[in-house]
Structure formats: C-alpha cells, structure tokens
Amino acid sequence: MSVGKAPRTALVVGGDSAFGSVLSPQLRARGWRVIETTRRGERDVAGRPLLDLSSDDLPRALGAIVEELVDVAFLCAGVTKIAECRRDPEGTARINVEAIEAVSRALLSHGAFVIFPSVNHVFDGRRPFAKPHDPIAPPTEYGRQKAEAERRLQATGDAVGIMRFSKVLADSYSVLDSWIDAWRRGEPAQPFADMVMSPVARADACAAQVRLAELRIPGTYHVSGARDISYADAARIGAETLGVDPRLVQPLKAGLSGVKLEHIPENTALDCSTSTEHLGFVPPDPEPVLAEYFLTSLGER
C-alpha cells in the first residue's frame, strides 16, 4: 500500500481577518492543512486559538499554537484603519511592526516561508504604476508602519514574500455602502471627484497569495486593478448597476466635503508585471470589479 504525501501546512495569523477568512478556504480547497489564529478572544466559535499580537512573549505563545513545522505563514492580522494608526501611532506600531517582526523571526527560524500583505500606502501616489523596487515615501502613519514592517522582514532573511495591495473590495467598504444606503432613502450619493482607487476583488487578491505560497518565490509583488478610477465614476457604475437615477450621483471635491483626510494620492494603481510573470495574476479592469461588489452588497444588505 502506497503512502500519500503529507499535506503542506499553512499558518494564517488572523484567520478571522478580511484576508484570512478567504485565504483559509482557498488553501484547504487546494489540499493544504491550515492552522488559524485570532486576536479577538481565547478561542472563537471556529476554534481558532488566541494569538495576542500585543503580548510581550509572542514566540512562546506562537510555539504553544504551532506544535509542528509550518511550510508557509500568512501574516494577516494587524490594525488596518488609517485613522486609528494616526490617533495611536505607538500602540498600533507595536502590533503592525514590532509584533509582525517577532512572529516572522520565530517562524523563519523554523524554516517557514512568510507572506506579508502590505499596501500601496507605502508610496505617496505621485508616480503612476509604481514598481516593486521604486523608492517608497509613505505619507501616512499607516503607510509608514507598513513600510517599516517590510524593511524589517526583508532584513530577516530570504524566505519572505511581500505583497502590496491597492483597494481590496471585501464584504463591506463603508464608502461604497454609504452610497447604497443613501440611494435606498432616495437621497444622492456625494462621491469625491478628486479621489481615485484601483479595485481588486478579495478572492483574486487571496488567490495571488495562495499561488505565492505554492511557489515560495521571495520578493515584493504588487496586486492592484489595471488602472485607477475616480470615486465619482465608481458611484456612476454603482448607480447604473443598481438601476439608480443617475441624478442621485452628485460628485464633489474632497476639500469641500468637510471630511479630514490625511492624504489624497494622485495614483493608486500599481505595476503588477512581476505578479503577472510569476503568479499569473492579471490586473482586472475596475468596472466589473465594482459592478460585482454593488450587486453582491445589495443582496447582503
């Protein structure tokens, strides 16, 4: 009787995060054994053990969860709200930088390949289609934390894959959801005409990470939409998709909205040629990504 090859083991730090909740099913569908953690309680309903990223003894806590070798680890946990990082730079950096480095070092020392999701906020947005090795210039505290975490991970060794994302559309995006709510009330949406995004669906963003896990090619990768689209045009797509009167889309400039924004980038789309070459990722056009989001969100709200 032949013995089958043991399944590869993946650790998803932040199994209940926006990425983790989709990564884990995708990995299992491809034959991986998956270990997930949470930082929201001792053990959640899915049985994920607690890994508190604010702990002073992360390596020990991690060792108690991972009792065997891990082939690949995804570092999906962290503070992702730009405003929260701005309000509490020290507290959020303890999680987004210090904890990420500590967990990475512990995993790398045991032979794991580490995948770190980063963001286009490490760039200032002045250069269109920034390449992986272009100079970084993060204009926000969140971007600075991601850039510093990248730097530290790159210094830990060669078994690291950094993946920078543009706007990833998951189950909920408050800006787009607010337009849907306004239209339901018969009120106009007021998207910013001078802000852009380069959306990509979460399932595709996760699939690129899974492919990197299978190939284990170190480096920095970009995953974004094929081009930028203004929030005003995104709202027009939403209105058309949902059959909303186009007069209920009333764009305005961000500076006239009364909303305080830390930074408004001119460009958010990234050069994804490395990801296309090695991972087979093809940057999607923004229109179908947005249309799918609006259709899905309407059904879930």
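Scroll up to find the structure this text is about.
Read on for a plain summary of the structure. Nothing here was measured: the structure is a model prediction, and the numbers come from that model.

What follows concerns the environment of Gly-47. Tracing the sequence through the fold places Gly-47 in the loop between strand 2 (33-36) and helix 2 (58-65). Look at Gly-47 and you get partly exposed, because its relative accessible area is 31%. For the pair Gly-47 and Glu-36, spaced eleven residues apart in sequence, the C-alpha separation works out to 8.6 Å.

Let's shift gears to helix 5 (residues 141-156). An ideal rise of 1.5 Å per residue puts 22 Å on 16 residues; helix 5 measures up with 23 Å between its terminal C-alpha atoms. Those residues of helix 5 that sit buried are Glu-141, Tyr-142, Gly-143, Gln-145, Lys-146, Ala-147, Ala-149, Glu-150, Arg-152 and Leu-153. In this fold, the buried residues of helix 5 make contact with strand 3 (72-75), helix 3 (82-87), helix 4 (89-108), strand 4 (113-119) and strand 5 (160-165). Of the residues trailing helix 5, Gly-157 is marked for its positive phi of about 155°.

Within the largest apolar cluster, 32 residues are counted, with the highest numbers of intra-cluster contacts made by Leu-11, Leu-53, Leu-75 and Leu-107. Listing elements by their share of this core, those giving two or more residues are strand 1 (9-13), helix 2, strand 3, helix 4, strand 4, helix 5 and strand 5. The leading source of residues in this core is helix 4, at seven residues. Leaving out residues up to four positions away in the same chain, Leu-53 has contacts with Val-13, Arg-39, Leu-58, Ala-77, Gly-78, Arg-94, Ile-95, Ala-99 and Val-103.

With that settled, consider the packing of aromatic side chains. Summed over the entire model, instances satisfying the criterion amount to five aromatic pairs. Between Phe-19 and Phe-165 the ring centres are 4.9 Å apart and the planes differ by 50°, which places this aromatic pair in the tilted class. Of this pair, Phe-19 sits in the loop between strand 1 and helix 1 (20-29) while Phe-165 is found in strand 5, placing the two residues 146 residues apart along the sequence. Assessed through its relative accessible area of 14%, Phe-19 is described here as buried. Assessed through its relative accessible area of 2%, Phe-165 is described here as buried. Summarising the aromatic geometry, the rings of Trp-179 and Phe-294 are spaced 6.4 Å apart at their centres and angled 20° between planes, so their arrangement reads as stacked. Residue Trp-179 is located in helix 6 (residues 174-184), and its partner Phe-294 is located in helix 10 (residues 286-300); the two are separated by 115 residues in the primary sequence. When sorted by exposure, Trp-179 lands in the same class as Phe-294, which is buried.

Reading guide: rules and limits
- As a convention, each chain's residues are numbered from 1 in the sequence order in which they are written.
- The predicted nature of this model means local features are confined to residues of pLDDT at least 70 and side-chain atom pairs, given and counted, to a pLDDT of 80 or more, with totals for whole chains, interfaces and linings taken over all residues.
- By convention in this description, side-chain values take in all heavy atoms of the structure and omit both hydrogens and water.
- We count a stretch as a helix when DSSP gives it H or I for four or more residues in a row; a strand needs E for two or more, and each element gets its number in order from the N terminus.
- A 1.4 Å probe rolled over the protein chains alone gives each residue an accessible area, and that area as a share of the maximum for its type sets the label: buried under 20%, exposed over 50%, partly exposed in between.
- Here the expected length of a helix is defined as 1.5 Å per residue gap, with one fewer gap than residues.
- When checking whether two residues touch, look at their non-hydrogen atoms; a contact exists if any pair is within 4.5 Å.
- For our purposes a nonpolar core is just a set of buried Ala, Val, Leu, Ile, Met, Phe, Trp, Tyr and Cys residues, chained together by side-chain atoms within 4.5 Å.
- Here a Phe, Tyr or Trp ring, Trp counted by its six-membered ring, pairs with any other such ring whose centre lies within 6.5 Å, and the pair is stacked when the planes are under 30 degrees apart, edge-to-face when over 60, and tilted otherwise.

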